Amino acid sequence: RANGDTAEAIKNDLERTFADMRMVAPRKPQILRILQQYAAENPDVGYTQGMNYVAATMVLMYPDREDLARRRFVEAMMLFSGFWSDDF
């Protein structure tokens, strides 16, 4: 996806990310930054629907350590890279 399309997809999915969990709402800026940075640094993968839940989970696990949440998110993306491919 193009950068504008990616940013729009992330924002759309972020609205729905654990929408019923009040603890997620204040963390959405962190989740957004992690997803945008990952998509920018990994243009071959970009952003795919579902990554938002993985990023949200990492932010909830490490709420005061965005750097650690980002690192764990990237590790998860590497571990499950096949899930985000067009052929899956």
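The structure displayed is predicted, hence computed values, not measured ones.

Asker: Is there a simple way to explain the packing of aromatic side chains in this structure?
Answerer: Between two aromatic rings, the relevant description is the distance of the centres plus the angle of the planes. Counted by the stated rule, this structure contains two aromatic pairs. Between F18 and Y53, the aromatic rings sit 4.9 Å apart at their centres with planes inclined by 85°, giving edge-to-face as the arrangement. You can see F18 sitting in the loop between α1 (3-16) and α2 (28-41) and its partner Y53 sitting in helix α3 (residues 51-61), a full 35 residues away along the chain.

Asker: Please explain the packing of α3 against helix α4 (residues 66-79) as it appears in this structure.
Answerer: Two packed helices can be described by the angle between their axes and the distance between those axes. Two elements in contact, α3 and α4, have axes separated by 8 Å at closest approach and are oriented at 140°. Classed by the angle they form, the pair α3 and α4 counts as oblique. Seen along the crossing, α3 lies across α4 with a hand that is right-handed. Contact residues: α3 offers M51, V54, A55, M58 and V59, while α4 offers A69, R72, F73, A76 and M77.

Asker: Looking at this structure, how should I read α4?
Answerer: For α4, built from 14 residues, the straight-helix expectation of 20 Å at 1.5 Å per residue is met to within 8% by its first-to-last C-alpha distance of 20 Å. In the core, the buried residues of α4 are packed alongside α2 and α3.

Asker: Sorry, what's going on with the nonpolar core here?
Answerer: Ranked by internal contacts, the top residues of the largest apolar core, which has 20 residues, are I31, L35, Y47, M51 and F73. Elements with a minimum of two residues in this core: α1, α2, α3 and α4. By residue number, the principal contributor to this core is α2, which donates six residues.

Asker: How should the environment of M51 be read in this particular structure?
Answerer: Residue placement: M51 occurs in helix α3. Distance in space between the C-alpha atoms of M51 and I31 is 10.0 Å, their sequence separation being 20 residues.

Asker: Looking at this structure, how should I read the pattern of salt bridges?
Answerer: Side-chain pairing between opposite charges can occur once the charged atoms of the two side chains come close. Per the counting criterion, the structure on display carries seven salt bridges. For R71, the salt bridge is made with D67, and the minimal N-O distance between the two is 4.0 Å. With R71 and D67 both in helix α4 and four residues apart, this pair spans about one turn of that helix. Residues R72 and E75 are paired through a salt bridge, measuring 3.1 Å at the closest nitrogen-oxygen approach. Linking R72 with E75, this pair stays in helix α4, spanning three residues, or about one helical turn. The partly exposed category is assigned to R72, whose relative accessible area is 28%. Within this structure, R33, E66 and R70 form a network of salt bridges that share partners.

Thresholds, definitions, all that
Residues numbered from 1 in each chain as written. Predicted model: local features only at pLDDT ≥ 70, side-chain atom pairs only at ≥ 80, totals over all residues. Heavy atoms only, no water. Phe/Tyr/Trp six-rings, centres within 6.5 Å; stacked < 30°, edge-to-face > 60°. Helix = DSSP H or I, 4+ residues; strand = E, 2+ residues; numbered from the N terminus. Axes fitted to C-alpha atoms, helices over the stretch in contact; angles between N-to-C directions. Parallel < 35°, antiparallel > 145°, perpendicular 65-115°, else oblique. Left-handed = near helix turned anticlockwise from the far one by under 90°. Contact = heavy atoms within 4.5 Å. Expected span 1.5 Å × (residues − 1). Core = buried A, V, L, I, M, F, W, Y, C linked by side-chain atoms within 4.5 Å. Buried < 20%, exposed > 50% of the residue type's maximum accessible area, 1.4 Å probe, protein only. Salt bridge = Lys/Arg side-chain N within 4 Å of Asp/Glu carboxyl O.

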